[in-house]
Amino acid sequence: MQKESQTYKIAPAERLASVSEYYFSKKLKEVAQMNAEGKDVISLGIGSPDMPPSKETIETLCNNAHDPNGHGYQPYVGIPELRKGFAAWYQRWYGVELNPNTEIQPLIGSKEGILHVTLAFVNPGEQVLVPNPGYPTYTSLSKILGAEVISYDLKEEDGWMPDFEALEKMDLSRVKLMWTNYPNMPTGANATPELYERLVDFARRKNIVIVNDNPYSFILNEKPISILSVPGAKECCIEFNSMSKSHNMPGWRIGMLASNAEFVQWILKVKSNIDSGMFRAMQLAAATALEAEADWYEGNNHNYRGRRHLAGEIMKTLGCTYDENQVGMFLWGKIPASCKDVEELTEKVLHEARVFITPGFIFGSNGARYIRISLCCKDAKLAEALERIKKLS
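Residues numbered from 1 in each chain as written. Predicted model: local features only at pLDDT ≥ 70, side-chain atom pairs only at ≥ 80, totals over all residues. Heavy atoms only, no water.

K.L.:
Which residues make up unusual backbone geometry, and what values go with them?
P.N.:
Look at the link from N132 to P133: it is a cis peptide, with omega at 5°. Checked against the element boundaries, P133 lands in the loop between β3 (127-132) and α5 (136-144). Phi at D40 takes a positive value of approximately 50°, unusual for a residue other than glycine. Within the secondary structure layout, D40 lies in the loop between α1 (23-36) and β1 (42-44). Overall, the relative accessible area of 36% leaves D40 in the partly exposed class. (Helix = DSSP H or I, 4+ residues; strand = E, 2+ residues; numbered from the N terminus. Buried < 20%, exposed > 50% of the residue type's maximum accessible area, 1.4 Å probe, protein only.)

The structure is reproduced here in structure tokens:
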């Protein structure tokens, strides 16, 4: 006689109670369902570059994928060619000298780096400073790992820069890391040498590690700079960079971090217990991508400038205001006073104009009156989105 099957009541780990599914993970399911129903949604949501890497990058990938000896496990520290490529790139464009053997760690994207750095530096119950508004993963991964998140304000009236006077008044005795992201996402505020100098001084005086996430410095930005260009920054700072935005390689999942050799070694201790090296052909191709000349970046930015104009027209049509000096691959705008709620606006645009625009509240409470438009969309689609939005009642 067959027994009735039992239902086992397995509970998830308690850490899941502190976070929800990533906003874009949920929202893109809804958009996919709308598309499956034939509604043809134009997505101006995520920052996933739609242009290809350089021709030489693709050729290097294809040629090396045929190597019968190139399919095995790769070093946890990345292959020498890629580390040297990152070091040369930092020297050429940022004026920063890095030892490719000890001061660079390739990553499977910056998101992975957020996990590894937090594990390497922060004990459960210790604190991390996270910008508001800011990249949601700084907060969610910190919570998953048992850190206490302390928000610090970025406000439009301050140019979306940290309020150092307010930071000085805070109890920072339990703070281990401070996350910064310049050029800033979502606001488009650009980095300045003065900002980086103040951050390094703050970190050294308060015995805090600054982690600067720097993937947008080549997008609509005339002068890329690095926090590591500040004298003494390597002693107290870690910088992330990424091939995703700067070289049109988001699906490749290739990034890096740079810092002093001791910090890099601590992070490697974590990383080597979690994952392995990336496919060799991809690493060689990434090293080729890093050799791009100025005209390749300018070609990218020529496209982004045209898209930026169309995104600005969408902002104006919605009654939103924005700063013309923004950099990066998004446009951040403030909704009109007549609009009661940002999600009310973005849901109306989604369901009536069939255009997906990101509401700023997902980046923190200081984004509650803002929207973000991605420039990772072909001109024709952006122009169509503009026409659809113009027809809204």
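K.L.:
So what's going on with the sheet that holds strand β7 (residues 237-242)? Which residues, and what values?
P.N.:
Within a sheet, each strand pairs with its neighbour through backbone hydrogen bonds, oriented either parallel or antiparallel. One open sheet holds the 7 strands; their spatial order is β2-β8-β7-β6-β5-β3-β4, and the pairing between them is mixed. The open sheet is flanked by β2 (104-107) and β4 (148-153), the only strands paired with a single partner. Averaged over all pairs of adjacent strands, the angle between strand axes in this sheet comes to 25°, irrespective of strand direction. As defined by bridge partners, β7 adjoins strand β8 (residues 255-258) across 4 bridges and the pair is classed as antiparallel. Following the sheet pairing, F240 is matched in β8 by L257. Along the sheet, helix α4 (residues 110-121) contacts β2, β5 (175-180), β6 (209-213), β7 and β8; its crossing angle with β7, the most-contacted strand, is approximately 160°. Packing of α5 onto the sheet brings it into contact with β3, β4, β5 and β6, and relative to β3 it is tilted by some 155°. (Pairing = 2+ DSSP bridges. Axes fitted to C-alpha atoms, helices over the stretch in contact; angles between N-to-C directions. Contact = heavy atoms within 4.5 Å.)

K.L.:
Lay out the UniProt feature "domain: Aminotransferase class I/classII large" (unreviewed entry) in the protein chain in plain terms, naming residues and giving numbers.
P.N.:
Residues annotated in UniProt with the feature "domain: Aminotransferase class I/classII large" (unreviewed entry) correspond here to residues 39-389. Secondary structure within residues 39-389 divides into 39% helix and 16% strand; the distance between the first and last C-alpha atoms comes to 15 Å. (UniProt positions renumbered as here; feature names shortened; annotations may be inferred.)

K.L.:
Let's hear about the nonpolar core: which residues, and what values?
P.N.:
One finds L44, V117, W179, I238, I314 and I357 to be the most contacted residues of the largest nonpolar core, which totals 122 residues. Composition of this core by domain shows at least three residues from each of domain 1 (14-52 + 295-391) and domain 2 (70-291). With residues near it in sequence (within four places) discarded, W179 still touches I114, V117, T118, V128, L129, V130, P131, Y138, S142, Y152, V211 and F240. (Core = buried A, V, L, I, M, F, W, Y, C linked by side-chain atoms within 4.5 Å. Domains from an automatic or database assignment.)

K.L.:
Give a detailed account of the domain arrangement of the protein chain, specifying residues and quantitative values.
P.N.:
Split into domains, the protein chain comes out as domain 1 (14-52 + 295-391) and domain 2 (70-291). Taken residue by residue, the interface counts 33 residues in domain 1 and 34 residues in domain 2. Each partner contributes to the roughly 2,800 Å² buried at the junction of domain 1 and domain 2, and carbon and sulfur atoms together form 59% of this total. Per-residue buried area on domain 1 facing domain 2 is highest for Y297, V327 and N366; these three make up 25% of the total on that side. (Buried area = accessible area lost by both parts, 1.4 Å probe.)

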